[in-house]
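Listed below, chain by chain, are the residues.
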Amino acid sequence: MPTEARLADGVRLAVTTFTTFPVRAGRVDRAAAGTAMALAPAVGALLGAFLAAVLLLAAALAPPLVAAGITVGLGALLTRGLHLDGLADTVDALGSYRRGAAALEIMKKPDVGPFGVVALVVVLLLQAVVLAELAGRSWPAALAAVAAATAAGRLGVGLACRRGVPAARTDGLGALVAGTVGPVALVVGTAAVALLAVPAVPGRPWQGPVAVVAALAVAAGLLRHVVRRLGGITGDVLGATVEIVTTLAYLGLVLSG
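Note that this is a predicted model, so its numbers are computed, not measured.

Parameters at a glance
Residues numbered from 1 in each chain as written. Predicted model: local features only at pLDDT ≥ 70, side-chain atom pairs only at ≥ 80, totals over all residues. Heavy atoms only, no water. Helix = DSSP H or I, 4+ residues; strand = E, 2+ residues; numbered from the N terminus. Rg over C-alpha atoms; globule rule 2.2 N^0.38 Å. UniProt positions renumbered as here; feature names shortened; annotations may be inferred. Expected span 1.5 Å × (residues − 1). Buried < 20%, exposed > 50% of the residue type's maximum accessible area, 1.4 Å probe, protein only. Lys, Arg positive; Asp, Glu negative; His and termini not counted. Salt bridge = Lys/Arg side-chain N within 4 Å of Asp/Glu carboxyl O. Contact = heavy atoms within 4.5 Å. Axes fitted to C-alpha atoms, helices over the stretch in contact; angles between N-to-C directions. Parallel < 35°, antiparallel > 145°, perpendicular 65-115°, else oblique. Left-handed = near helix turned anticlockwise from the far one by under 90°. Nonpolar A, V, L, I, M, F, W, Y, C, P; charged D, E, K, R; others polar.

A. Quick look at the overall build of the protein. The number of helices and strands found in the protein is 11 helices and 0 strands. Along the chain direction, N to C, the helices and strands of the protein fall in the order α-α-α-α-α-α-α-α-α-α-α. Here the C-alpha radius of gyration of the protein, 17 Å, is about what a compact globule of 257 residues would show, namely 18 Å. Dimensions of the protein along its principal axes, counting C-alpha atoms only, are 50 × 45 × 35 Å.

Below, the structure written as structure tokens:
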């Protein structure tokens, strides 16, 4: 397949996987999937920039916490809530203390258990509180913070899809994307997202990049645990990674010391 066609298919797959934006579907295979996962941070940055604009506009018309709630809700709508669903399913499976096929079976169930509910409440609450704080920063800082955190969450997917990490099932999204992202894409993506985060904390240009790298480091440890328990990654694990890395990056951007 020509490079241009593979890139175009990858871009379309990245947009349709990580957003609800209406884009015509292209060819879906492992080559396109690898490109899509490598480009995920760019899609996240664009989505984050849009959400930052919504946050700042809403904050001009309503209290910061209300604006933050609107932004969090819109973010869920623009991703079909798939990442949140993946978070709940993954935490339920891990909370069951089961392994392998038994844990994967729990993830298939349509209901959400108590572990999943708590995970959703904590993540959504933390994101809303942090966004309320970011709404009080200058618009360049708020834009950089939301864009960088959202991009970091999608960079976490590339980390989960790096070479050497297996899929837990032989079918599904995990099987399609597992092992498709090479080290160069990860290094470039990390550098780009870290650079994007530099203006996120006024007066402390180092804090944004550190928050991004720290969030990814924690995610790498969690992914190792998940692979041990489940045997590999699944689409739900990727969704959980998005929400966990995004939330950790947000927290790192508002910590003071």
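B. A look at the UniProt feature "transmembrane region" (unreviewed entry) in the protein. Residues given the UniProt feature "transmembrane region" (unreviewed entry) here are residues 45-78, 115-135, 141-161, 173-200, 206-223 and 235-255. End C-alpha atoms of residues 141-161 are separated by 30 Å, and the span's content is 95% helix alongside 0% strand. Within residues 173-200, the helical portion is 68% and the strand portion 0%, while the C-alpha atoms at the span's ends are 33 Å from each other.

C. Up close: the environment of Val28. Of note, Val28 is situated in the loop between α1 (3-18) and α2 (30-59). Between the alpha carbons of Val28 and Ala49 there is a distance of 27 Å; along the sequence they are 21 residues apart.

D. Summary view of helix α7 (residues 139-160). The end-to-end C-alpha distance of α7, which contains 22 residues, comes to 32 Å, matching closely the 32 Å that a straight helix rising 1.5 Å per residue would cover. With 19 of its 22 residues buried, α7 lies for the most part within the structure.

E. Helix α4 (residues 82-95), seen in detail. With 14 residues, α4 extends 20 Å from end C-alpha to end C-alpha; this agrees with the ideal 20 Å at 1.5 Å per step. In terms of burial, α4 is largely enclosed, as 10 of its 14 residues are buried. Where α4 is concerned, the buried positions are His83, Leu84, Gly86, Leu87, Ala88, Asp89, Thr90, Asp92, Ala93 and Gly95. Within two residues after α4, Tyr97 carries a phi angle of roughly 65°, on the positive side.

F. Just unusual backbone geometry, in detail. For Arg80, which is not a glycine, the phi torsion comes out positive at approximately 60°. Taking relative accessible area as the criterion, Arg80 reaches 45% and is therefore assigned partly exposed. Phi is positive for Tyr97, close to 65°, though the residue is something other than glycine. Positionally, Tyr97 belongs in the loop between α4 and α5 (100-108).

G. Just the side chain of Arg229, in detail. Residue placement: Arg229 occurs in helix α10 (residues 207-230). In this structure Arg229 is buried but unpaired, with Asp92 as the nearest side chain of opposite charge at 11 Å. Apart from residues no more than four positions distant in its own chain, Arg229 is found in contact with Ala93, Leu94, Ser96, Tyr97, Arg98, Arg99 and Gly100.

H. Spatial organisation of the packing of α7 against helix α11 (residues 235-254). Contact geometry for α7 and α11: axes closest at 7 Å, N-to-C directions at 140°. Here α11 runs oblique to α7, going by the angle between their axes. Relative to α11, α7 is oriented so that their crossing is right-handed. Facing Ala145, Val146, Ala149, Thr150, Ala152, Gly153, Arg154, Gly156, Val157 and Ala160 of α7, the residues of α11 in contact are Leu238, Thr241, Val242, Val245, Thr246, Ala249, Tyr250 and Leu253. In terms of residue class, the contact of α7 with α11 is built from 12 nonpolar, 5 polar and 1 charged.

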